[in-house]
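These are the residues of each chain, in order.
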Amino acid sequence: MNVPAYAAPAAGEPLAPTVIERRAVGPNDVLIEVTHAGICHSDIHTVNGDWGPQPFPVVPGHEIVGVVAEVGPAVTRHQVGDRVGVGCMVNSCGECANCLRGDEQYCLDGMVPTYAGTDRDGTTTQGGYSTHVVVDADYVLRVPDGIDSAAAAPLLCAGITTYAPLRRWGAGPGKRVAVVGLGGLGHMAVKIAAAMGAEVTVLSQSLKKQEDGLRLGAQHYHATSDPDTFSQLAGRFDLIVNTVSAAIDVDAYLSLLAVDGTLVNVGAPPEQLSLDVFSLIGARRSFAGSMIGGIALTQEMLDFCAEHGIGAEVEVIAADRINDAYERVLASDVRYRFVIDTATLG
Ligand code: NAP
Ligand code: ZN
């Protein structure tokens, strides 16, 4: 099946319309007619070559929502007409200790990323900036009623990437949580942490988005460009989730943690980060990382968001505005996720 898509032809080149082939629907496959695809900063890192060489042409997109158009004969959990989602991963071995524990994203055999990855049949995966995808049913999520499709798409990456560390490090009543960077991931972290009952603080480069941050659920908002912020908030937080797409001064943020506090890095800048071990030793602090989340946890996150009336704040765009949207994301000028209306691809 040949379908319209938008692809980056080479590293750093603008995306352009193209046509790609989707495999025939196998026994355990689901054919999804994509309605919405979010633009994640990871798409931009990938096509700009920030993370090394890629199998160009690359069709990005791992925040996919659509409607099931066809299912293979072995599929029982999805039916034609269901509203479904696909995130950053479309396969894993399913047998290793990590997969069996529900951490498919850390599959010992390597999970298959939704785009620019090698699928089990040896082909290169192509993502959601296209009208249709064919995905193994086990990696397809149910989108609960009550979340609009455009607002649901970013949950498939930005939502689960922030939900997973907030859950794991116990965000909830009595916990002080700071979110660094109020972009796609950051604004989801604020909404989710607030819904979990934590006391949330936004740490943004400036105070430009303060009103939004407080509306999204934060109690406090500080500018990191103001050096007083770091003295004022020293030792304050139990958990800091760093969503910044560029390198940060790790020691400065570690100094904001209380004893036993954790700084979790989900931002994935191309630059190396370094730290002074005394920033950890002096207060038994931890510096951690986290990558997306497993399939069962992703479904839990979608159900949690539906229950709490949470979706992403989105700006829906036509496909011919993808390159402009990339520029705006790079300029931290996104409120708070661009989502492509894939009906404009055809
Ligand atoms: P985004 O929408 O661009 O948000 C990043 C935010 O970081 C910006 O809005 C800005 O917030 C802040 N920022 C950007 N440049 C900065 C700089 N030079 N100094 C200080 N702050 C800066 O990006 P995103 O889609 O949320 O993704 C964020 C990062 O997470 C990316 O590196 C992405 O690849 C990574 N990611 C990781 C995972 C994972 O599994 N770990 C999953 C998805 C994405 P303010 O304007 O508020 O300062
Ligand atoms: Zn992403």
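Thresholds, definitions, all that
- Residues numbered from 1 in each chain as written.
- Chains lettered and ligands numbered in written order.
- Predicted model: local features only at pLDDT ≥ 70, side-chain atom pairs only at ≥ 80, totals over all residues.
- Heavy atoms only, no water.
- Axes fitted to C-alpha atoms, helices over the stretch in contact; angles between N-to-C directions.
- Helix = DSSP H or I, 4+ residues; strand = E, 2+ residues; numbered from the N terminus.
- Parallel < 35°, antiparallel > 145°, perpendicular 65-115°, else oblique.
- Left-handed = near helix turned anticlockwise from the far one by under 90°.
- Contact = heavy atoms within 4.5 Å.
- Near = heavy atom within 4 Å.
- Polar contact = N/O pair within 3.5 Å; in protein donor to acceptor, adjacent residues only side chain to side chain.
- Areas by Shrake-Rupley, 256 points an atom, 1.4 Å probe, with all protein chains shown as cover.
- Nonpolar A, V, L, I, M, F, W, Y, C, P; charged D, E, K, R; others polar.
- Domains from an automatic or database assignment.
- Buried area = accessible area lost by both parts, 1.4 Å probe.
- Salt bridge = Lys/Arg side-chain N within 4 Å of Asp/Glu carboxyl O.

Undergrad: Sorry, what's going on with the packing of helix α4 (residues 158-168) against helix α5 (residues 184-196) here?
TA: Angle between the axes and distance between the axes: these two values describe a pair of packed helices. Here α4 crosses α5 at 45°, and the two axes come no closer than 8 Å. Between α4 and α5, the angle falls in the class oblique. Handedness of the α4/α5 crossing: right-handed. Along its contact with α4, which presents A158, G159, T161, T162, Y163, L166 and R167, the element α5 presents G184, L185, M188, A189, I192, A193 and M196.

Undergrad: Looking at this structure, I do not really get the site of ligand 1. What am I missing?
TA: Taken together, 29 residues form the shell around ligand 1, and within it H41, L182, S204, K209 and R337 come nearest. Between H45 and ligand 1, the recorded distance is 2.8 Å, taken from a side-chain N or O atom to an oxygen atom. Here V266 contributes a backbone N or O atom positioned 3.0 Å from a nitrogen atom of ligand 1. For ligand 1, whose accessible area on its own is 920 Å², the fraction buried by protein is 88%. Breaking the shell around ligand 1 down by element, the ones donating at least two residues are α1 (41-47) and α5. It is α1 that contributes the most residues to the shell around ligand 1, three residues altogether. Split into classes, the residues belonging to the shell around ligand 1 amount to 13 nonpolar, 14 polar and two charged.

Undergrad: What is the right way to read the domain arrangement of the protein from this model?
TA: Interfaces are frequently sized by the accessible area removed from exposure as the parts join. Domain annotation of the protein identifies domain 1 (2-157 + 293-299 + 311-345) and domain 2 (159-289). Relative to domain 2, the C-alpha centre of domain 1 lies at a distance of 27 Å. Contacts between the two partners involve 18 residues from domain 1, matched on the other side by 22 residues from domain 2. For the pairing of domain 1 and domain 2, the buried interface totals around 1,700 Å² over both sides, and the portion due to carbon and sulfur atoms is 55%. Among the residues of domain 1 in contact with domain 2, L297, E313 and Y336 are the three that bury the most area, contributing 34% of the side total. With a shortest N-O distance of 3.1 Å, R215 and E313 are connected by a salt bridge. Run the count over domain 1 and domain 2 and you get 13 residue pairs in polar contact (both at pLDDT 80 or more). When residues of the side of domain 1 that touches domain 2 are traced back to their parent elements, those giving at least two are α1 and α10 (295-307). Among the residues making up the side of domain 1 that touches domain 2, the classes are represented as eight nonpolar, six polar and four charged.

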